[in-house]
Amino acid sequence: MASDSVNHITFTEVDETNHPAATYIYSESPLPTTSQGDASKTSGRIDVMNLSSSISSWSLASLLNLLTDVFLPAGYPHSVSDDYAPYQIFDSLQAFSSSIAGLLSSRAVLQGVGVGNANASPTSALLLHILQDSSGRVATILFAHRVGTALEPECKMYRLTADVFNDVAMVLDCLSPMVPAGVGRVAVLSTASVLRAMCGVAGGSSKASLSAHFSRWGNLAEVNAKDSSQETIISLIGMLVCFVPNCLYALQSLTKMQVGSFVVSRVTSYVATWIVLILLLTLHLALNYAAVRSVQMTSLNKQRANIVFSALFDSDPGFTIDGFDSNYPTEGREKEIEHVQAKWCTLSPAEVAKRERIFEMDGRLKWTSTAFYPPRAHKLGFCRIGISVQEFLISSSSHMSSTSLKTYLPIFRLTSIFKEESYILALHCVNRTWHAGIILKNTSNIETQLKAWAHALLAARVLSIPTSESETQTDTAYIIDVISKTLRFLNENDRCSRYILALAHAGWDVSVGALETRSRRRVICDN
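Thresholds applied
- Residues numbered from 1 in each chain as written.
- Predicted model: local features only at pLDDT ≥ 70, side-chain atom pairs only at ≥ 80, totals over all residues.
- Heavy atoms only, no water.
- UniProt positions renumbered as here; feature names shortened; annotations may be inferred.
- 1 Å grid on protein atoms, 1.4 Å probe; cavity = no way out; pocket = protein on both sides within 12 Å on 5 of 7 lines; lining within 4 Å.
- Points joined across faces, edges and corners; volume = space filled by probe spheres on them.
- Helix = DSSP H or I, 4+ residues; strand = E, 2+ residues; numbered from the N terminus.
- Nonpolar A, V, L, I, M, F, W, Y, C, P; charged D, E, K, R; others polar.
- Domains from an automatic or database assignment.
- Salt bridge = Lys/Arg side-chain N within 4 Å of Asp/Glu carboxyl O.
- Buried < 20%, exposed > 50% of the residue type's maximum accessible area, 1.4 Å probe, protein only.
- Pairing = 2+ DSSP bridges.
- Axes fitted to C-alpha atoms, helices over the stretch in contact; angles between N-to-C directions.
- Contact = heavy atoms within 4.5 Å.
- Phe/Tyr/Trp six-rings, centres within 6.5 Å; stacked < 30°, edge-to-face > 60°.
- Lys NZ or Arg CZ within 6 Å of the ring centre and 35° of its normal.

Looking at an unreviewed UniProt entry, one finds the protein named Protein root UVB sensitive/RUS domain-containing protein and attributed to Aspergillus tanneri. Its UniProt record gives the protein a comment under Sequence similarities (unreviewed entry), which states: "Belongs to the RUS1 family." The UniProt entry for the protein carries the following comment under Subcellular location (unreviewed entry): "Membrane".

In structure tokens:
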């Protein structure tokens, strides 16, 4: 008598990171033969092997898994960038200190509007609230108009700036009860409202840019949602830290417990309040600074472009400062360039994150020399990119009327040099500081912007080196000659495009434009 055969089919269920979550084993065997001899019917059985079920529901591992699912994006850590975890750790700690400091400032505001004062009028408190709210709304509109374009390229700076605004607003809130009621107190509270509104614009927009940087699976909405969940739980913990001691203090007369009364009794006085507030705000800003320092942005803004292009130029054997003199070769260097690309120093986003400053003046041209450790930065001047024709010419004009502008720039010479380019660059010197202006043509793209900025940095570097004929260094003809030669250097064997390709291989997102921080302008040049 032949034994019954059993067939098996295994289904393995995986999660977002392709890790097994559960296994289903289907077994099928024929039913016993009936008296009529019908053996076509079969029976099936499914055995479920849930990997998570092997863990006790009360174990630490299951609790960690639950917290991960609730507060972290699905697929963590693979669904976010590597710098997500350190940033969120510091961000959560700063939110904790900020929530406690916020409660202290809220108490001061309530005192300022008359809570606890029998002579206070609800109408005056309402009018004060309306004035504060109106000031904040107007500030939101004006601030968003002023810095809206710069929020994404400089998201790290504005993320920290937002917390500086918020902390100053808290200090003003705590100062408000000390200011006599009237115009002075209204001015203090309204200023705090304006700063808090600016914090909302800068913080909200910069955090959106950071969330876009962190997301890797097109999960931007979830990263934002989980970030809100993290802030909510941290703020809740901060409120409980202040709430529980007060409850214990209220029950002291009934339970005779001294727990919590020590803390509360020393935070009610002005001295204790200010000491705790200063400590919390110091911790808040320090943690925020550590958080934004841990972020490794992959877009090239002005400061990061200065750093990476300085390193590329310094490491390029074909580049020498004294090579841009009158004897600079213009032909026959293509074969030489082909052998030096392997020696280029292409800094990664992680390396640049360690060198960049959080607060940097907008448009500064700075050459970061890699010949020293730590690298030394040489301030060359300033550059404005994507400006209007009027802004481009106004720096070198001697007279301007409502309809005409007199300039000493050799426009025909410049347009001839940049005839095949999608930008036009000009430099001039003011008090030994070089100022560059870049016009972008309507054919420009992201690579054009990066090339234009690299060209401005290189030309300013060459012009900043003293020459044997220093009296001619600021002469217009000499400046135009340097601009022409440095452009030729970048175009040799498509050198600048190779630079940008090397940066892309190093992890930079060269498809994102982060150099323009003002409303952009494009020009159609018709010769």
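There's plenty left to go through after this.
> Any chance you could explain empty space enclosed by the protein here in plain terms?
Remark: the empty space left among the atoms is shown by a probe the size of a water molecule rolled over them. Summed over all chains, the structure comprises three cavities of 30 Å³ or more. In this structure, the largest cavity occupies an estimated 70 Å³ of space. Counting only elements with at least two residues in the lining of the largest cavity, the list comes to helix 4 (155-175) and helix 10 (302-315). Of all the elements, helix 4 adds the most residues to the lining of the largest cavity, at three residues. Looking at the lining of the largest cavity residue by residue, the class counts come to five nonpolar, two polar and five charged. Structurally, the lining of the largest cavity is a two-domain feature, drawing no fewer than three residues from each of domain 1 (80-245 + 262-294) and domain 2 (302-328 + 342-506).

> Sorry, what's going on with the UniProt feature "transmembrane region" (unreviewed entry) in the protein here?
As recorded in UniProt, the sites labelled "transmembrane region" (unreviewed entry) are residues 233-251 and 271-292. As annotated, residues 271-292 has a helix share of 100% and a strand share of 0%, and its two end C-alpha atoms lie 32 Å apart.

> I keep staring at the pattern of salt bridges and nothing clicks. Help me out?
Charged atoms that come close allow side chains of opposite charge to pair. Summed over all chains, the structure comprises 17 salt bridges. Between Lys207 and Glu231 there is a salt bridge, with the nearest N and O atoms lying 2.2 Å from each other. Note that Lys207 is positioned in helix 5 (residues 183-214) and Glu231 in helix 6 (residues 220-250), a separation of 24 residues in sequence. The exposure class assigned to Lys207 is buried, which follows from its relative accessible area of 18%. The salt bridge involving Lys366 is made with Glu360; its shortest N-O contact spans 2.8 Å.

> For this particular structure, what's the right way to read the sheet that holds strand 4 (residues 364-369)?
Each strand in a sheet pairs with its neighbour through backbone hydrogen bonds, running either in the same direction (parallel) or in the opposite one (antiparallel). A sheet is described by the order of its strands in space; here four strands give the open sequence 4-5-9-8, paired in mixed fashion. Only two strands of the sheet have a single neighbouring strand rather than two, namely strand 4 and strand 8 (423-430). Within the sheet, the average angular offset between the axes of one strand and its neighbour, ignoring direction, is 30 degrees. Here strand 5 (residues 376-385) runs beside strand 9 (residues 433-440); their pairing, made up of five bridges, is parallel. When the sheet's bridge partners are listed, Cys383 is paired in strand 9 with Ala436. Each of strand 4 and strand 5 touches helix 10; the most contacted strand, strand 4, lies at about 40 degrees to it.

> Is there a simple way to explain the environment of Val186 in this structure?
The residue Val186 is located in helix 5 in this model. C-alpha separation for the pair Val186 and Ser176, spaced ten residues apart in sequence, amounts to 8.5 Å. Discounting residues that sit within four places of it in the chain, Val186 has contacts with Leu128 and Leu131.

> Would you mind going over the packing of aromatic side chains with me for this structure?
In this description, an aromatic ring pair is defined by two values, namely the gap between the centres and the angle between the planes. In this structure the tally under the stated criterion is ten aromatic pairs. With a centroid separation of 5.7 Å and an interplanar angle of 10 degrees, the aromatic rings of Phe313 and Trp367 are classed as stacked. In this pair, Phe313 is assigned in helix 10 and Trp367 in strand 4, connecting sequence segments 54 residues apart. As far as the burial class goes, Phe313 and Trp367 line up, both buried. Within the aromatic cluster, the residues linked to one another by ring pairs are Phe309, Phe313, Trp344, Trp367, Phe489 and Tyr499. Between Arg495 and the ring centre of Phe489, over which it is positioned, the NZ or CZ distance is 4.0 Å.

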